[in-house]
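So the chains spell out like this:
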Amino acid sequence: EAGVAQSPRYKIIEKRQSVAFWCNPISGHATLYWYQQILGQGPKLLIQFQNNGVVDDSQLPKDRFSAERLKGVDSTLKIQPAKLEDSAVYLCASSSQGNTYEQYFGPGTRLTVT
Amino acid sequence: EDKVVQSPLSLVVHEGDTVTLNCSYEVTNFRSLLWYKQEKKAPTFLFMLTSSGIEKKSGRLSSILDKKELFSILNITATQTGDSAIYLCAPSHAGGTSYGKLTFGQGTILTVHP
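The structure displayed is predicted, hence computed values, not measured ones.

Trainee: Talk me through the overall build of chain A; I want residue IDs and the actual numbers.
Mentor: A tally of regular secondary structure across chain A gives 0 helices and 11 strands. Taken from N to C terminus, the helices and strands of chain A fall in the order β-β-β-β-β-β-β-β-β-β-β. For a compact globule of 114 residues, the expected C-alpha radius of gyration is about 13 Å, and chain A comes in at 13 Å, within 12% of that figure. Here the C-alpha coordinates of chain A stretch approximately 40 × 25 × 25 Å along the principal axes. Out of the 114 residues in chain A, the part that is buried amounts to 46%. The contacts in chain A between residues at least 6 apart in sequence include a share of 53% that link residues at least 24 apart. As presented, chain A carries roughly 5,400 Å² of accessible surface, and 49% of it is formed by carbon and sulfur atoms. Seen as two clouds, the 12 positive and the 10 negative side-chain charges of chain A have centres 6 Å apart.

Trainee: So what about the packing of aromatic side chains? Which residues, and what values?
Mentor: Counting across every chain of the model gives 10 aromatic pairs over all chains. Each residue in the set A:Tyr33, A:Tyr35, A:Phe105, B:Tyr36, B:Phe45 and B:Phe104 is aromatic and connected to the rest through ring pairs, giving one cluster.

Trainee: Got a sec to walk through the interface of chain A and chain B? Specific residues and values, please.
Mentor: Listed per partner, the contact involves 25 residues of chain A and 23 residues of chain B. Summed over both sides, the interface of chain A with chain B buries roughly 1,900 Å², with 55% coming from carbon and sulfur. Taken together, the connections running from chain A to chain B amount to 0 salt bridges. Those elements that place two or more of their residues in the side of chain A that touches chain B are β4 (31-37), β5 (44-50) and β6 (53-56) of chain A.

What counts, and at which threshold
- Residues numbered from 1 in each chain as written.
- Chains lettered and ligands numbered in written order.
- Predicted model: local features only at pLDDT ≥ 70, side-chain atom pairs only at ≥ 80, totals over all residues.
- Heavy atoms only, no water.
- Helix = DSSP H or I, 4+ residues; strand = E, 2+ residues; numbered from the N terminus.
- Rg over C-alpha atoms; globule rule 2.2 N^0.38 Å.
- Buried < 20%, exposed > 50% of the residue type's maximum accessible area, 1.4 Å probe, protein only.
- Contact = heavy atoms within 4.5 Å.
- Areas by Shrake-Rupley, 256 points an atom, 1.4 Å probe, with all protein chains shown as cover.
- Lys, Arg positive; Asp, Glu negative; His and termini not counted.
- Charge placed at Lys NZ, Arg CZ, Asp CG, Glu CD.
- Phe/Tyr/Trp six-rings, centres within 6.5 Å; stacked < 30°, edge-to-face > 60°.
- Buried area = accessible area lost by both parts, 1.4 Å probe.
- Salt bridge = Lys/Arg side-chain N within 4 Å of Asp/Glu carboxyl O.

As structure tokens, then:
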């Protein structure tokens, strides 16, 4: 079974630029999560999708961050404009409908904002 | 506000030692507690604990949950250099808009020397 795929693996941008991350969950997994992990901290949930609907986006900074999950499969997370404090690893995870609590993580995208 | 505290923050041991990692939590609408191992980037699932007092084991790793005192421990016996990683605990939420949501602790960095 293929795992969660993410791209790019690394991205360096200047502040005020925009960036987008892509995630392809495990086939058949209905629930998809985006996390932000700042160095030295645990992952923090940004947004949770159930199929193509948003379940929880309470910790997503909506003035600069947006996310969508077209057709309930792939998802993109965008930051516009980026700030220095957005430097982090962005992790995507997915889980199946019947096993929501066990999440499988992708390799992440390391973002550096200069 | 949900709170998850792991201790110690870091631990350095030699191969063959036994280690105990701690996780205390305060979350609303608690469902279960998950442990993850993070090497390089993607966290990988170790255990999910739902019932108090029932130990789960996988090889040299074991974990137990105390729902009355709101903590969990992860034990690793006969440690190996391959156990070097960040260990994350994450209570999950049940029901409502937070269904399946994980709140991660800051992690314990374990370093095992040969």
